[in-house]
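For reference, the chains in residue letters:
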Amino acid sequence: MKILVANIGSTSLKWRLFDFSNGTERLLHKGGVERVDNHARAIEECLAALNSGGHLGRETDLAAVGFKTVMARDVSGCVRITDRVLAAMEAFNSLAPAHNPPYIAGIRQFQQRLPGVPLIALFETAFYQFAPEAMMRYAVPEAWHRAGVRRYGFHGASHKFIAERSAELLGREDVAERARRLYVDGGRTPAREPSLRVISCHLGGSSSVTGINNGVAIGTSMGLSPQSGLPQNNRVGDLDSEAIPYVMKTLGLSVAEVQRQLTRESGLLGLSGFSNDTRDLAEAAEAGSESAKLALAVLAASARHWIGSFFFELNGVEAIVFTAGIGENQSQLREDICRNLDELGIELDPALNQATRATEAVISTTGSRVKVLVIPANEELVVAREARRLLESNHIPLPTNDFTHAFTHNKEQTYASSHWTH
Ligand code: ADP
């Protein structure tokens, strides 16, 4: 079974082709085109690359194309893409302006080009469907909540991969299986005692921290939009809502200009004044730049804030995991984040930490009660795996998963019954 995963940007298309034949998982091909002004042409280039490389006999050999879509109104999980799903994504264009419009446009091109091939969306919000309401709710008036103002959470594919992989590495196959089957049975696969508690830190171009209990997310640093939680490369992260009317009045900024500055000129770029990339910041900090040091310190402080929050909520954890570009590569930042936590049983091994780059490793001391792990991100594989599970289930998935309903009534049943009805 061959599944193509397409990562659609406003001017790019990246892809990976996976083969799940004979019980194996193989990455057959990976490629991409940048600076495209036309998704139709990019798709042709992708298919041509797969054909010429001999990876795909006929296009109809594709069992599905999977997409790591960000968010949609009242739809989440892993679903077959229909016009209703696309309309639900469109309804949230303003919350994910950099992601939803290009995905919708690209998916429509795939629909035209490959009409017989199922297109499947795995929403980045999916992993948080089962988190307790109290962890996901904002204290806003009911009408705001009904309008969709709530925490959704993002980086779901990445954190779900960490939930599965960390459980495997910690010898808890029962929890790994529970995490794998999460979107099929809503977390009802039983797990042994004691429960496995993990904090997953996805630190990259955008960053989030998620608490995970027995393979299921209990909360996330990300909120209504990917514009929250930790400071991101160019995006602000958490900000007091009063700051917006205040700068509009005192600096005379329009709403559009405020949004532009909060999404393009804030985060690590705003703090340092010269770069959004931690590689530049680390180099400049080494050379004495105070603004670079500050940017890195704010990122570390915010990561500690969220790790601490989930550590408390979970009553301690078995493991803290670092993943994504910064989490996998920036050993100094990992050290800064884990500094002075020995009373909580968290002790980094400086040499192991320093030596670890973009590879799976334990970087805590042997005596550390809490294991600290580095696990490279593998989001596309999660999309492909979920698409496969959806295809192999005997149900026809209907995109009727309603967040409000799911979070306010009988959560577990809602997912299973509305999402997987015949
Ligand atoms: P995204 O997919 O969100 O764009 P990544 O997870 O690839 O982001 O992370 C990108 C960020 O990770 C970069 O901005 C940089 O700060 C950091 N990074 C990426 N690669 C490295 C590396 N080899 N060494 C140090 N930092 C890196």
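Look up a bit, the structure's there.
Presented here is a report on the structure given in the accompanying data block.

Sizing a probe to match a water molecule and rolling it over the atoms shows the empty space that remains. Considering only enclosed or pocket space, the second largest pocket measures out at about 580 Å³ in volume. Lining the second largest pocket are 23 residues, and of these Asp-277, Thr-278, Arg-279, Ile-326 and Gln-330 lie nearest its centre. The greatest single-element share of the lining of the second largest pocket, amounting to 6 residues, is contributed by helix H12 (residues 278-286). Of the residues that constitute the lining of the second largest pocket, the class distribution is 6 nonpolar, 10 polar and 7 charged.

Moving on, we come to the sheet that holds strand S12 (residues 371-374). Read from one edge of the open sheet, 6 strands run S9-S8-S7-S10-S12-S11, paired in mixed fashion. A strand with exactly one partner marks an edge of an open sheet, and here the two such strands are strand S9 (216-220) and strand S11 (361-362). Direction of pairing for strand S8 (residues 208-213) relative to S9: antiparallel, over a ladder of 4 bridges. If you follow Thr-210 over to S9, its bridge partner there is Thr-220.

Moving on: the packing of aromatic side chains. Using the criterion set out here, one finds 6 aromatic pairs in the structure. A ring pair is formed by Phe-92 and Tyr-152, whose centres lie 5.6 Å apart and whose planes are at 65°; its orientation type is edge-to-face. Here Phe-92 is found in the loop between helix H2 (83-90) and helix H3 (100-113), whereas its partner Tyr-152 is found in the loop between helix H5 (142-146) and helix H6 (156-169), with 60 residues between them in sequence. Neither Phe-92 nor Tyr-152 differs from the other in exposure class; each is buried. Ring geometry for Phe-127 and Tyr-128: centres 5.7 Å apart, planes at 70°, overall edge-to-face. When sorted by exposure, Phe-127 lands in the same class as Tyr-128, which is buried. Taken together, Phe-67, Tyr-103 and Phe-110 form an aromatic cluster joined through their ring pairs. One residue, Arg-150, lies across the ring of Tyr-152, its end atom 5.8 Å from the ring centre. Positioned over the ring face of Tyr-183 is Lys-160, at 4.8 Å from the centre of the ring.

A word on the sheet that holds strand S4 (residues 62-67). Read from one edge to the other, the open sheet built from 6 strands follows the order S3-S2-S1-S4-S6-S5, with strand pairing classed as mixed. Sheet topology places strand S3 (26-33) and strand S5 (78-80) at the edges, where each strand pairs with a single neighbour. Going across the sheet, the axis of each strand differs from the next one's by a mean of 20°, ignoring polarity. On the sheet, H3 packs against strand S1 (2-8), strand S2 (13-19), S4 and strand S6 (119-122) and is oriented at approximately 145° with respect to S1.

Our focus in this paragraph is H2. Within H2, burial applies to Val-85, Leu-86, Ala-88 and Met-89. Each buried residue of H2 lies within a common arc of 160° when the element is viewed along its axis, so the set occupies one face. On its buried face, H2 sits against S5 and H3.

What counts, and where the lines are drawn
- Residues numbered from 1 in each chain as written.
- Predicted model: local features only at pLDDT ≥ 70, side-chain atom pairs only at ≥ 80, totals over all residues.
- Heavy atoms only, no water.
- 1 Å grid on protein atoms, 1.4 Å probe; cavity = no way out; pocket = protein on both sides within 12 Å on 5 of 7 lines; lining within 4 Å.
- Points joined across faces, edges and corners; volume = space filled by probe spheres on them.
- Helix = DSSP H or I, 4+ residues; strand = E, 2+ residues; numbered from the N terminus.
- Nonpolar A, V, L, I, M, F, W, Y, C, P; charged D, E, K, R; others polar.
- Pairing = 2+ DSSP bridges.
- Phe/Tyr/Trp six-rings, centres within 6.5 Å; stacked < 30°, edge-to-face > 60°.
- Buried < 20%, exposed > 50% of the residue type's maximum accessible area, 1.4 Å probe, protein only.
- Lys NZ or Arg CZ within 6 Å of the ring centre and 35° of its normal.
- Axes fitted to C-alpha atoms, helices over the stretch in contact; angles between N-to-C directions.
- Contact = heavy atoms within 4.5 Å.
- Arc of directions from axis to C-beta.

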